[in-house]
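Coordinate inspection notes
Each chain, written out:
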Amino acid sequence: MLETKNYKFWFCTGSQDLYGDECLRNVADHSAKIVAAFNASGKLPYEVVLKPTLISQASIRQTMNDANNDPECAGVITWCHTFSPAKMWILGLKELTKPLCHLHTQFNEEIPYDTIDMDFMNENQSAHGDREYGHIVSRMGIEREIIVGHWANEKVQERIATWMITALGIIESSHIRVCRFGDNMNNVAVTEGDKVEAQIKFGWEIDHYNVNDVVEYVNAVSEADTNALVEEYYSKYKIIDDGRDAAEFRRHVAVQAQQEIGIEKFLVERDYQAVVTHFGMLGGLKQLPGLAIQRLMEKGYGFGAEGDWKTAAMVRLMKLMTANMKDAKGASLMEDYTYNLVPGKEGILQSHMMEVCPSCADGEIGIRVTPLSMGNREDPARLVFTSKTGPGVATSLVDLGNRFRLIINAVDCKKVEKPMPKLPVGTAFWTPQPDFATGCEAWILAGGAHHTAFSYDLTVDQMVAWGNAMGIETIVIDENTNIRDFKKELKLNSVYYR
Ligand code: MN
């Protein structure tokens, strides 16, 4: 489910023929060494491919169009080694549709004090040649990442790695298709939005079905397949029966197993990667999908509850962006549920009725069957756990009527002080940056939702860069946030994005 293409990034060096063939041979040699070092570093999540040095308008234009047409090219890294007159780049840049990174580097790290002469200066002049290039990208208003520093520097390589993940999100966003069973929950505002504009901005296709269309798939799942999956659950998770009859408990779990198989088959056949349910619109489903949805999220599907297709698509996006990340800690739909307001221990208990992704779980995962306080179906089975600690990023994509705004909050995930033995749901607990009160105040000022798409593994900067590439407003709440400036920024944004 989380398989992405064999993505690669192109390394395109700019130069020209003013300084002769020997210089151009050196340029090509330097670029080859840099690319080889990148690929050997073990720091970059995707391979870098060296392209021939670009020294003319025709070759630049051709290469940018080749990048567009190669489905495995996820972005272009450019660097003007000597001097690459920027008018040569206009047509190529105008036609480039792939994410762009401007690596402002230089082959030598140190000035060679004893030997430096005019030939060396002419050959290694990205300090001025690369600014010529930067000028035209700025004049054309093209969104790009600029990374400054020596190519062998760890921090530079880490920034390239970070950008690659953003680029993947940019490339993959337009392949996200969301399947809604039913519609948005009645009377709820923040989960609503303009689906046409979402397709224009993000490339998301957002469709809907009658929930009974998937009920047919669920009912068609064989008993043998259902039992095999139930066995897997029983071997993988701790059974917390709360004194229920063992056979009755298992029957409830089996309903979720059947749902997991049936819903996934429906999504695979129709090529959907994200799904939305609604507890008030269950048709012939015996239970609200809980455990079933949790497992699908763990496999990489996006999910939003109560018709929240924006969060479903954002969760899918986060799953994709972190798909190739070593030791990724998890991503999920979360919901701000209840507060701890004890001074010094403030935080937000994150959960949902059931559907928190077990990728976030820390330690043992249990299965419980308990009544759902909403709706009119039988008690659903769900996975229960607490979540990992550490920094994370919580995002909320809201529709303000004339535009989308992506609210991005850096949060610190913690353990709650004591166990919560009566709580039958997976949970997380975090304190928003810069502190609880300021973080919540800013979130509310920005119009953030109670649902979030959350990731431990992505950063504020990556989400900002993704939002910028989509051409939407982004607003950050982090350690640097203060309310006075935040209000000012919202006002300025309302002018810029009107
Ligand atoms: Mn909800």
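Report on the accompanying structure.

**Some remarks on the nonpolar core**
- Among the nonpolar cores identified, the biggest contains 61 residues, and V178, F181, F202, W204, M314 and M463 are the most heavily contacted of them.
- With nine residues, the single largest contributor to this core is helix α12 (residues 309-321).
- Dropping the residues within four chain positions of it, F202 is found in contact with S173, S174, L397, F404, W466, M470 and I472.
- Y233, I365, A428 and C440 belong to the second-largest nonpolar core, a separate cluster that totals 29 residues.

**Structural notes on the packing of aromatic side chains**
- Evaluated as defined, the whole model comprises 19 aromatic pairs.
- Centre to centre, the rings of W204 and W466 are 6.5 Å apart; their planes meet at 15°, and the pair counts as stacked. Of this pair, W204 sits in the loop between α7 (195-202) and β7 (205-209) while W466 is found in helix α14 (residues 460-470), placing the two residues 262 residues apart along the sequence.
- Look at W204 and you get buried, because its relative accessible area is 0%.
- Grouped by ring-pair contacts, the aromatic residues F181, Y209, Y217, F266 and Y272 constitute a single cluster.
- The cationic tip of K51 hangs over the ring face of W10; the distance from NZ or CZ to the ring centre is 3.8 Å.
- Here R270 stacks its cationic end above the ring of F266, 3.9 Å away from the centre of that ring.

**What about the packing of helix α9 (residues 223-236) against helix α10 (residues 246-269)?**
- It is at 8 Å that the axes of α9 and α10 come closest, and there the two elements cross at 110°. Judged by the inter-axis angle, α9 sits roughly perpendicular to α10. Relative to α10, α9 is oriented so that their crossing is right-handed. Of the residues in α10, those in contact with D225, T226, N227, L229, V230, E231, Y233 and Y234 of α9 are F249, R250, V253, A254, Q256, A257, Q258, E260 and I261.

**With respect to helix α2 (residues 57-69)**
- Look at α2: 18 Å from first C-alpha to last across 13 residues, which is about the 18 Å you get at 1.5 Å a residue.
- Of the positions making up α2, those classed as buried are I60, T63, M64, A67 and N68. The arc enclosing the buried residues of α2, seen along the axis, measures out at 145°, which places them on a common side. Opposite its buried face, α2 presents the exposed residues A58 and N69, each directed more than 90 degrees away.
- Buried positions along α2 lie against β1 (8-14), β3 (73-80) and α3 (90-95).

**So, the sheet that holds strand β8 (residues 238-239)**
- Strand order in the open sheet formed by three strands is β8-β13-β14, with mixed pairing between adjacent strands. Every interior strand has two partners, whereas the edge strands, β8 and β14 (381-387), have only one.
- Alignment of strand β13 (residues 361-369) against β14, held across six bridges, turns out to be antiparallel. Looking at β14, one finds that D362 is bridged to T386.
- Its contacts with the sheet put α10 on β8, β13 and β14, and the angle it makes with β13 is roughly 115°.
- Set on the sheet, helix α11 (residues 291-299) makes contact with β13 and β14; between it and β14 the angle comes to about 55°.

**Some points on a nonpolar patch on the surface**
- A cluster of nonpolar side chains, namely I111, Y113, I116, M118 and M121, defines an oily patch on the protein surface of about 520 Å² accessible area.
- By secondary structure assignment, the location of I111 is in the loop between β4 (100-104) and α4 (118-123).
- For I111, a relative accessible area of 46% gives the class partly exposed.

**Concerning the environment of M121**
- By the element assignment, M121 lies in helix α4.
- The spacing of M121 and I111 is ten residues in sequence and 9.7 Å in space, taken between C-alpha atoms.

**A look at the packing of helix α6 (residues 154-173) against α12**
- At their nearest, the axes of α6 and α12 sit 9 Å apart, and the two run at 130° to each other. Judged on the interaxial angle alone, α12 and α6 are oblique. Here α6 and α12 pass one another in a crossing that is right-handed. Two secondary-structure elements touch here, α6 through I165, T166, L168, G169, E172 and S173 and α12 through L317, L320 and M321.
- For the contact of α6 with α12, the residue count by class is five nonpolar, three polar and one charged.

**A look at the environment of N6**
- Within the secondary structure layout, N6 lies in the segment before β1.
- Judged by relative accessible area, which is 49%, N6 ranks as partly exposed.
- In this structure the C-alpha to C-alpha distance between N6 and I408, which are 402 residues apart in sequence, comes to 29 Å.

Rules used in this analysis
Residues numbered from 1 in each chain as written. Predicted model: local features only at pLDDT ≥ 70, side-chain atom pairs only at ≥ 80, totals over all residues. Heavy atoms only, no water. Core = buried A, V, L, I, M, F, W, Y, C linked by side-chain atoms within 4.5 Å. Buried < 20%, exposed > 50% of the residue type's maximum accessible area, 1.4 Å probe, protein only. Helix = DSSP H or I, 4+ residues; strand = E, 2+ residues; numbered from the N terminus. Contact = heavy atoms within 4.5 Å. Phe/Tyr/Trp six-rings, centres within 6.5 Å; stacked < 30°, edge-to-face > 60°. Lys NZ or Arg CZ within 6 Å of the ring centre and 35° of its normal. Axes fitted to C-alpha atoms, helices over the stretch in contact; angles between N-to-C directions. Parallel < 35°, antiparallel > 145°, perpendicular 65-115°, else oblique. Left-handed = near helix turned anticlockwise from the far one by under 90°. Expected span 1.5 Å × (residues − 1). Arc of directions from axis to C-beta. Pairing = 2+ DSSP bridges. Patch = residues over 30% accessible without salt bridge, like charges linked within 9 Å, V, L, I, M, F, W, Y side chains within 5 Å. Areas by Shrake-Rupley, 256 points an atom, 1.4 Å probe, with all protein chains shown as cover. Salt bridge = Lys/Arg side-chain N within 4 Å of Asp/Glu carboxyl O. Nonpolar A, V, L, I, M, F, W, Y, C, P; charged D, E, K, R; others polar.

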